[in-house]
Number of protein chains: 2
Amino acid sequence: MIFHVNPSSGSPIYLQLMEQVKHAIEIGALLAGEQLPTLRKLAEELVINPNTVVRAYRELEHEGIVELRHGAGAFVSESAPNRAKISLKAQTVMQTAVDRLSAAGLNEKEIRRLVESELARLRAGDMTGRNA
Amino acid sequence: MIFHVNPSSGSPIYLQLMEQVKHAIEIGALLAGEQLPTLRKLAEELVINPNTVVRAYRELEHEGIVELRHGAGAFVSESAPNRAKISLKAQTVMQTAVDRLSAAGLNEKEIRRLVESELARLRAGDMTGRNA
DNA sequence: CGTACTGTATTAACAGACTAGTACACTTTC
DNA sequence: GAAAGTGTACTAGTCTGTTAATACAGTACG
């Protein structure tokens, strides 16, 4: 199981790592129940801080993809393949939207803004329309 | 022309203001060529810093929605209604995606991450698939 | 012209996200 | 039960985005 991240890629390292793990599960390189690399080992291999690996693992745990056992290690959750598949589908949904918007001439900033607007709308009551 | 913003809404004030202006143009409350409120006047009315209004106006100018004339004022661009309509359509695209993802159980963080992943993919070469 | 109004530019204060450093607590193995 | 290995918790530094404070430059109008 070889991971690789790019600290100067613009996107956060912990996020890149999360994607890598999900991808590995999707293609079957990581199986349910299997143990993941330990924090320090992976951190050393990627030449990053162990806390960055922790961040990735912890968020993956929150998504139900991995399971952290204190003192024992990090393991691929039993439901991981299913969740990873859902995650992949979600990715497709967003990819379609972003592609359409990008094709319409919107830049990164504008796309990010649209997302924030929609999230804010959800956070509020969500009245779908634009007439308060 | 009455605008209103909420400084503790979570989303940036200048962004809220941009939406308001676009909305006003979409519904015809602001017509092409019409003069917008001056920086200081609007800032005073909304009880925010003039620079925040500047930020909104300047970005709207970058999107071709408004036109800033040094010493004269801010005006609704001739192409504004058309651009505002495109902007509205883009909003619908993103709204659909976000709604679907939200319905699938994803929270704000996860949705934001998906966007960043997709933007990063665009920024790179965009190979659509997941197999580099 | 000159006054009062416009937008412009530069700098700083503040908050949040990301990463790093260091010490702690639990499991496994012998 | 002790040592080595695991994840956990807390703190601090750095960077970026947002807002604010203040001084500058152009335009309109008498």
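Residues numbered from 1 in each chain as written. Chains lettered and ligands numbered in written order. Predicted model: local features only at pLDDT ≥ 70, side-chain atom pairs only at ≥ 80, totals over all residues. Heavy atoms only, no water.

1. Observations regarding the protein's contact with DNA strand C
- Residues in contact with DNA strand C amount to 23 residues; listed here are only the nearest, I13(A), N49(A), N51(A), T38(B) and R40(B).
- Protein-adjacent atoms of DNA strand C, using a 4 Å cutoff, are sugar or phosphate at a proportion of 61%.
- One of the backbone nitrogen or oxygen atoms of I13(A) is found 2.5 Å away from a phosphate oxygen of DNA strand C.
- At 3.1 Å from a base nitrogen of DNA strand C is found a side-chain nitrogen or oxygen belonging to H70(A).
- Mapped by element, the contributors of at least two residues to the surface near DNA strand C are α1 (13-26) and α3 (50-62) of chain A together with α2 (39-46), α3 (50-62), β1 (66-69) and β2 (73-76) of chain B.
- Of the residues assigned to the surface near DNA strand C, the class counts are nine nonpolar, 10 polar and four charged. (Near = heavy atom within 4 Å. Polar contact = N/O pair within 3.5 Å; in protein donor to acceptor, adjacent residues only side chain to side chain. Helix = DSSP H or I, 4+ residues; strand = E, 2+ residues; numbered from the N terminus. Nonpolar A, V, L, I, M, F, W, Y, C, P; charged D, E, K, R; others polar.)

2. Some thoughts on the interface of chain B and chain A
- Facing the 45 residues of chain B at the interface are 44 residues of chain A.
- Taken together, the connections running from chain B to chain A amount to six salt bridges.
- Here R113(B) and E63(A) are joined by a salt bridge, their closest N and O atoms 3.0 Å apart.
- Here chain B and chain A share eight residue pairs in polar contact (both at pLDDT 80 or more) between them.
- Where the side of chain B that touches chain A is concerned, the elements lending two or more residues are α1 (13-26), α3, α4 (80-103) and α5 (108-123) of chain B.
- In terms of residues, the side of chain B that touches chain A owes the most to one element, α5(B), which gives 15 residues.
- When the residues that make up the side of chain B that touches chain A are grouped by side-chain class, the tally is 16 nonpolar, 13 polar and 16 charged. (Contact = heavy atoms within 4.5 Å. Salt bridge = Lys/Arg side-chain N within 4 Å of Asp/Glu carboxyl O.)

3. Quick word on the side chain of Q16(B)
Residue and element names in this part refer to chain B.
- Tracing the backbone shows Q16 in helix α1.
- Of the polar contacts made by the side chain of Q16, one reaches the backbone oxygen of S11; its length is 2.8 Å.
- Discounting chain neighbours no more than four positions away, the residues touching Q16 are V5, N6, S9 and S11.

4. A few points about the packing of aromatic side chains
- Using the criterion set out here, one finds zero aromatic pairs over all chains in the structure.
- Residue placement shows R55(A) over the ring face of Y14(A); its charged tip is 4.1 Å from the ring centre. (Phe/Tyr/Trp six-rings, centres within 6.5 Å; stacked < 30°, edge-to-face > 60°. Lys NZ or Arg CZ within 6 Å of the ring centre and 35° of its normal.)

5. Observations regarding the confidence of the model for chain A
- Looking at chain A, pLDDT values average 88 and 92% of them are 70 or higher.
- Within the model, pLDDT remains below 50 along residues 126-132 of chain A, and this stretch shows 11 contacts once partners closer than five positions in the same chain are excluded. (pLDDT = per-residue confidence, 0-100.)

6. Looking at the packing of helix α2 (residues 39-46) of chain A against α3(A)
Residues and elements named next belong to chain A.
- Put simply, α2 and α3 touch, their axes get as near as 8 Å, and they point 115° apart. Considering the relative orientation of α2 and α3, their crossing is right-handed. Across from L39, L42 and A43 in α2, the residues of α3 making contact are P50, V53, V54 and Y57.
- Along the lines of polarity and charge, the residues of the contact of α2 with α3 split into seven nonpolar, no polar and no charged. (Axes fitted to C-alpha atoms, helices over the stretch in contact; angles between N-to-C directions. Left-handed = near helix turned anticlockwise from the far one by under 90°.)

7. Regarding the pattern of salt bridges
- Following the criterion strictly, the structure yields 14 salt bridges over all chains and no others.
- Via salt bridges that share partners, K22(A), R55(A), E59(A), E63(A) and R113(B) belong to a single interconnected network.

8. Considerations on the protein's contact with DNA strand D
- The immediate surroundings of DNA strand D are formed by 22 residues, with R40(A), I13(B), N49(B), N51(B) and H70(B) found nearest.
- Contact between DNA strand D and R40(A): a base oxygen at 2.7 Å from a side-chain N or O atom of the residue.
- Interatomic distance of 3.0 Å between a side-chain N/O atom of T52(B) and a phosphate oxygen of DNA strand D.
- Of all the secondary-structure elements, those providing two or more residues to the surface near DNA strand D are α2, α3, β1 (66-69) and β2 (73-76) of chain A together with α1 and α3 of chain B.
- By residue class, the composition of the surface near DNA strand D is eight nonpolar, 10 polar and four charged.

9. Some points on the domain arrangement of chain A
All names here are of chain A.
- By domain assignment, chain A separates into domain 1 (13-79) and domain 2 (82-123).
- Once you take the C-alpha centre of each, domain 1 and domain 2 turn out to be 25 Å apart.
- Contact with domain 1, which involves eight residues of that partner, is made by six residues of domain 2.
- With both chains or domains summed, domain 1 and domain 2 bury close to 550 Å², and 52% of this area falls on carbon and sulfur atoms.
- When the buried area of domain 1 at its contact with domain 2 is split by residue, E26, I65 and S79 rank highest and sum to 63% of it. (Domains from an automatic or database assignment. Buried area = accessible area lost by both parts, 1.4 Å probe.)

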